[in-house]
Amino acid sequence: MLEIAGLYKPKRVQLVTMGCSKNRVDSEKLLSRLSDGGLEIIPESVPYEEARPDIVIINTCGFIGDAKKESVDEILSAAQAKKEGYVGKIVVCGCLSERYPEDLKESLPEVDALFGSFQWKEVLKWMGIAEKKPSVWIGRYLTTPRHYAYLKIADGCNRKCSYCAIPLIKGRFTSVPMATLEREAGALAAQGVRELILIAQDTTFYGMDLYGKKMLAPLVERLSKIDGIEWIRIHYSYPAGFPKDVLKVMASNPKVCKYLDIPLQHSSSKILSMMRRGVDHEKTQKLIDEIRDRVPGIVLRTTMIVGHPGEGEEEFEDLLEFVRKNRFEMLGAFPYSEEEGTYDASHFEDDVPSSVKRKRYNRLMKLQSRISLENNLRRVGQVEKVLIDDFKDGFLIARSQKESPEVDGTILIDISALPDGKKAKFPADFAPERFIGKFAAVRIVSATEYDLTAVLA
């Protein structure tokens, strides 16, 4: 590590975030401090040769093999830009450097400094930026559109899922106090945020460490009282011990989206037991039935793993039938990847060939594609409230409560078409960008597997 704190005075910084939205929140809090410190922030979408930053900070992901490779590739890209004179210095932080600091130091000498997942104050100190008081970080430099933001309500994880390295990287589950989250959410609302997306390694465990009981439902109720916040969306919930009072809040509070991200990972009792998920097929199905019964019209997003050790054709067919029956509105999947240090790595052989994993993934996603199309076609003709995210190629790009940003489909609003089928005529100074961040009522007119087309209602 090259110690330059107080000697090197950067003016332009570019922060590249790899991996999940939880990493994005960490990056936004660090960017807020860097901006307060007088640095010019360059958007991460700008190529290095155009950006020419004094410092590039890469917030890495170390969750699975593909994510680790993407992070390493980004570091190598920055290193090449540094060699060519487009980049000053390279700082690497986050999950990958938390997990493999010595390996990265040895294999990537172009990197000027390495920091772990929680060493944000050390990054500032290394850059010669004084830390402000109070030490609670609620400021955010948003990298999302200004009208929605992620709110990380906890970090770490106490679960013992056999395949997952997150507890090794992030440590024990640690909730953010409610008062701090209210302050952060209030500050976001003051910036124009209208939608909060609650995230954590496990949102449903929120509060256990601080309050001795699960407090996600009370937290959501308190956040919903903040002026300006109109939608609250819950991601990364866990099926075992799911707090049922959350369903009551979803059903009764109009600000809480009838949308739940609940990664189930599998349906076979045998595989769920090997994964150490704390539920079996019967309990999982019972939970889904109760959620749909208590929150009519709810959208369920889930994630599945194919090719876990021990998954034969019988277990995979169980998964396919489970998906056929439950017709999840949104479903993602990924082939199993063995991660060193996990329970799986020391207890099971990775016995499903890569080619079989890929075939099973393709079969599952082909099934889900049909289900998604059928679900979307049923929405044609309906009038829905949407939040407009962008304008591109003549279409306003929007989402309803049924779509979360970045992971789900979108609703493309044809602003040239009127509800009666006629073409709209706009004045010369018409600016569709003024709709971004606004809510609107639209009528769905057509659908594909993942996206819908609409007109203003």
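Residue positions are given per chain, counted from 1 along the sequence in the order it is written. With pLDDT at 70 or above as the cut-off, local features in this predicted model cover only qualifying residues; side-chain atom pairs require 80 or more to be listed or tallied, and sums for whole chains, interfaces and linings still use all residues. The side-chain values count all of the structure's non-hydrogen atoms but skip hydrogen atoms and water molecules.

**Structural notes on the layout of surface pockets**
Heads up, the rule is: A 1.4 Å probe that fits into a set of points on a 1 Å grid over the protein atoms alone but cannot get out defines a cavity; an open set with protein on both sides within 12 Å along at least five of seven lines defines a pocket, and lining residues are those with an atom within 4 Å of a point. Grid points are joined across faces, edges and corners, and a volume is the space filled by probe spheres set on the points. We count a stretch as a helix when DSSP gives it H or I for four or more residues in a row; a strand needs E for two or more, and each element gets its number in order from the N terminus. Under the convention adopted here, Pro, Cys and the residues Ala, Val, Leu, Ile, Met, Phe, Trp and Tyr are nonpolar, Asp, Glu, Lys and Arg are charged, and Gly plus all remaining residues are polar.
In this structure, the second largest pocket spans a volume of roughly 650 Å³. Taken together, 23 residues line the second largest pocket, and the ones lying closest to its centre are K29, F118, W120, W137 and V176. Of all the secondary structure elements, the ones that give two or more residues to the lining of the second largest pocket are α1 (21-36), α6 (120-126), β7 (154-155), β8 (174-175) and α8 (178-190). Examining the composition of the lining of the second largest pocket, we find that 3 residues originate from one element, α6, more than from any other. Taken together, the residues of the lining of the second largest pocket break down into 8 nonpolar, 6 polar and 9 charged.

**A few points about the pattern of salt bridges**
We apply this condition: Salt bridge, as applied in this entry: a Lys or Arg side-chain nitrogen positioned within 4 Å of an Asp or Glu carboxyl oxygen. Three labels apply to residues, based on accessible area from a 1.4 Å probe with only protein chains included: buried if under 20% of the type maximum, exposed if over 50%, partly exposed otherwise in between.
For the coordinates displayed, the defined rule picks out 35 salt bridges. With its nearest N and O atoms 2.8 Å apart, the salt bridge here joins R233 to E195. Here E195 lies in strand β9 (residues 195-199) and R233 lies in strand β10 (residues 231-234), a separation of 38 residues in the sequence. Both residues of the pair, R233 and E195, belong to the buried class. A salt bridge links E195 to R399, with the nearest nitrogen and oxygen atoms 2.7 Å apart. Highlighted residues: E195 in strand β9 and R399 in strand β15 (residues 395-399), separated in sequence by 204 residues. Judged by its relative accessible area of 0%, E195 falls in the buried class. When salt bridges with common partners are traced through the structure, they connect E311, E313, E317, R360 and R363 into a single cluster.

**Side note on unusual backbone geometry**
Backbone geometry at R327 places phi at a positive 45°, although glycine is not the residue there. Backbone geometry at D393 places phi at a positive 55°, although glycine is not the residue there. Along the polypeptide, D393 turns up in the loop between β14 (383-392) and β15.

**Description of the sheet that holds β14**
So the rule is basically this: Two strands are counted as paired when DSSP detects at least two bridges linking them. Angles run from 0 to 180 degrees between N-to-C directions of axes, and those axes are lines fitted to C-alpha atoms, restricted for helices to the stretch in contact.
Spatially, the 5 strands close up into a barrel ordered β14-β15-β16-β18-β17, and their pairing is mixed. Neighbour-to-neighbour, the strand axes of the sheet open up by a mean angle of 55°, direction not taken into account. As judged from the 4 bridges shared by β15 and strand β16 (residues 411-414), these two strands associate in the antiparallel manner. Bridged to L396 within β16 is I413.

**What to know about helix α14 (residues 313-326)**
Applicable threshold: Take the residue count of a helix, subtract one, and multiply by 1.5 Å to get its expected span. Comment: arc refers to directions from the helix axis out to C-beta atoms. For this analysis, residues touch if any pair of their heavy atoms sits within 4.5 Å.
The terminal C-alpha atoms of α14 lie 20 Å apart, and with 14 residues this matches the ideal 20 Å at 1.5 Å per residue to within 8%. Buried residues of α14: E315, F316, L319, L320, F322, V323 and N326, and no others. All buried residues of α14 project into a common sector of 160° when viewed along the axis, lining one side. Turned more than 90 degrees away from the buried face of α14 sit E314 and K325, all of them exposed. Tucked into the core, α14 has its buried residues touching α12 (269-275), α13 (281-294), β12 (299-306), β13 (330-335) and α16 (354-377). R327, located one to two residues past α14, shows a positive phi value of around 45°.

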